[in-house]
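Chains, contacts and geometry: an overview
Listed below are the residues making up each chain.
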Amino acid sequence: MDLELNGKVAIVGGASKGLGRACSEVLAEEGVRVAMCARTASDLERAADEIRAATGGEIYTFAGDLDKEETIAELVSSTVSNFGQLDIMINNSGGPPQAYAKDSTEELWQVSANRSLFFFARMTREALPHLRAQGGGRIINILASTVYTPIPNLALSAATRMGVIGFMKNLADDIGQENILINNVCPGSIMSERMMENVEDRARTQGIPIEDALAQRAEQTALKRIGEPRELAYLVAFLASSRSSYITGTTMLVDGGLVRSVM
């Protein structure tokens, strides 16, 4: 199926590693011109060079801290200056600090709200004028399975990302008639540095080897394995495409059956 993405322009946050990198690569394979952003310039340039070599894609890099409002504004404006347009915004951040609900400090709350709530609002706000100029576009938020089921040391992830879902559901109503579609994608047991942090915390808490904690995580899924970042990126590419033209305001899991909720 042709996703009709060739020549489109996308911004991908957190793009040097893990889910963001996989999204960048899959989009580039589909002919999307990708602006990759991450904090560490050396990691970002290495990832961009590897994606260029693998796909022949047109990649623009922007190193910066997306916790800062001014960096987000610069990212969007420089992407449009470089490519001349913006069609797709992939909102992916580093995630909030690990914390249990019982001992979440004021500082942790502030970092989490900035990184996992305000970030999504800021990225979206900066993108909207450019999507409107294109006559439509796509906004895809990478959240987490914590919005469906609690994970003990990710209480702040659940709290802040639930706020993103509420905000985006309202925004989907506001701009749907402008052909700007917004959806959320929630990874579960997908191999990434973020997931491994949680696995390592589980290993410490239970006093078991990391390999055993990872095996436990795999066993909790219906597929009995850990997912690969590209398995999430394929859904992101579909939602970014014209083929998703009647899907907006939704929240979708890519978790191998980890979450047992029926809703």
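Structural data are supplied above this passage.
1. Thoughts on unusual backbone geometry
The backbone of E4 shows a phi angle near 55°, a positive value even though the residue is not glycine. Looking at the element boundaries, E4 is found in the segment before β1 (9-12). Taking relative accessible area as the criterion, E4 reaches 40% and is therefore assigned partly exposed.

2. What to know about the nonpolar core
The biggest cluster of nonpolar side chains holds 34 residues, and the ones touching the most others in it are L27, M36 and V185. Counting only elements with at least two residues in this core, the list comes to β1, α1 (18-29), β2 (33-38), α2 (41-55), β4 (88-91), β5 (137-142) and α8 (229-240). Top contributing element to this core by residue count: α8, with seven residues. Setting aside residues no more than four positions away along its own chain, V185 makes contact with I140, N141, I142, L143, L232, L235, V236, L239, M252 and V254.

3. Looking at the packing of aromatic side chains
Enumeration according to the criterion identifies two aromatic pairs in this entry. The positively charged end of K102 is found above the aromatic ring belonging to Y100, 5.9 Å away from the centroid.

4. Quick word on the packing of helix α3 (residues 69-83) against helix α4 (residues 106-133)
Closest axis-to-axis distance for the α3/α4 pair is 10 Å, and the angle between their directions is 30°. By the angle class used here, α3 and α4 are roughly parallel. Seen from above, α3 lies across α4 with right-handed handedness. Here E69, I72, A73, L75, V76 and V80 of α3 come into contact with α4, specifically with F119, R122, M123, R125, E126 and H130. Residue composition of the contact of α3 with α4, grouped by class: seven nonpolar, one polar and four charged.

5. Section: the pattern of salt bridges
Within this structure, the stated rule accounts for 17 salt bridges. The partner of E193 in a salt bridge is K17, and the shortest N-O contact between them spans 3.5 Å. A residue pair is termed long-range when its members are at least 10 positions apart, and E193 in helix α6 (residues 193-206) and K17 in the loop between β1 and α1 qualify at 176 residues. Of the residues examined, E193 reaches a relative accessible area of 52% and is grouped as exposed.

6. Focus on the sheet that holds β1
Pairing in this open sheet of seven strands is parallel, and the strands run β3-β2-β1-β4-β5-β6-β7 from one edge to the other. This sheet does not close on itself; its edge strands, each paired only once, are β3 (59-63) and β7 (250-254). Strand after strand, the sheet turns through a mean of 20° between neighbouring axes, direction not considered. In the sheet, strand β6 (residues 180-187) pairs with β7 via five bridges, with the strands oriented parallel.

7. Remarks on helix α7 (residues 210-219)
Those residues of α7 that fall on the buried side of the exposure criterion are A213, R217 and A218. Seen end-on, α7 carries its buried residues on one side only, within an arc spanning 145°. Structurally, α7 contributes buried residues whose contacts are with α6.

8. Here we look at the side chain of D201
By the secondary structure assignment, D201 is in helix α6. D201 sits in the buried class, given a relative accessible area of 14%. Residues contacting D201, with those up to four places away along its chain left out, are Q98, Y100 and N153.

9. Digging into the environment of S93
Along the polypeptide, S93 turns up in the loop between β4 and α4. Overall, S93 belongs to the buried group, its relative accessible area being 16%.

10. Comments concerning the environment of A203
Mapped onto the fold, A203 is located in helix α6. Sequence-wise, A203 and W109 are 94 residues apart; in three dimensions their C-alpha atoms are separated by 25 Å. Once residues lying within four places of it in the same chain are set aside, the contact partners of A203 are I208, P209, I210 and A213.

Thresholds applied
Residues numbered from 1 in each chain as written. Predicted model: local features only at pLDDT ≥ 70, side-chain atom pairs only at ≥ 80, totals over all residues. Heavy atoms only, no water. Helix = DSSP H or I, 4+ residues; strand = E, 2+ residues; numbered from the N terminus. Buried < 20%, exposed > 50% of the residue type's maximum accessible area, 1.4 Å probe, protein only. Core = buried A, V, L, I, M, F, W, Y, C linked by side-chain atoms within 4.5 Å. Contact = heavy atoms within 4.5 Å. Phe/Tyr/Trp six-rings, centres within 6.5 Å; stacked < 30°, edge-to-face > 60°. Lys NZ or Arg CZ within 6 Å of the ring centre and 35° of its normal. Axes fitted to C-alpha atoms, helices over the stretch in contact; angles between N-to-C directions. Parallel < 35°, antiparallel > 145°, perpendicular 65-115°, else oblique. Left-handed = near helix turned anticlockwise from the far one by under 90°. Nonpolar A, V, L, I, M, F, W, Y, C, P; charged D, E, K, R; others polar. Salt bridge = Lys/Arg side-chain N within 4 Å of Asp/Glu carboxyl O. Pairing = 2+ DSSP bridges. Arc of directions from axis to C-beta.

Function cannot be read off these values alone, since they describe shape.
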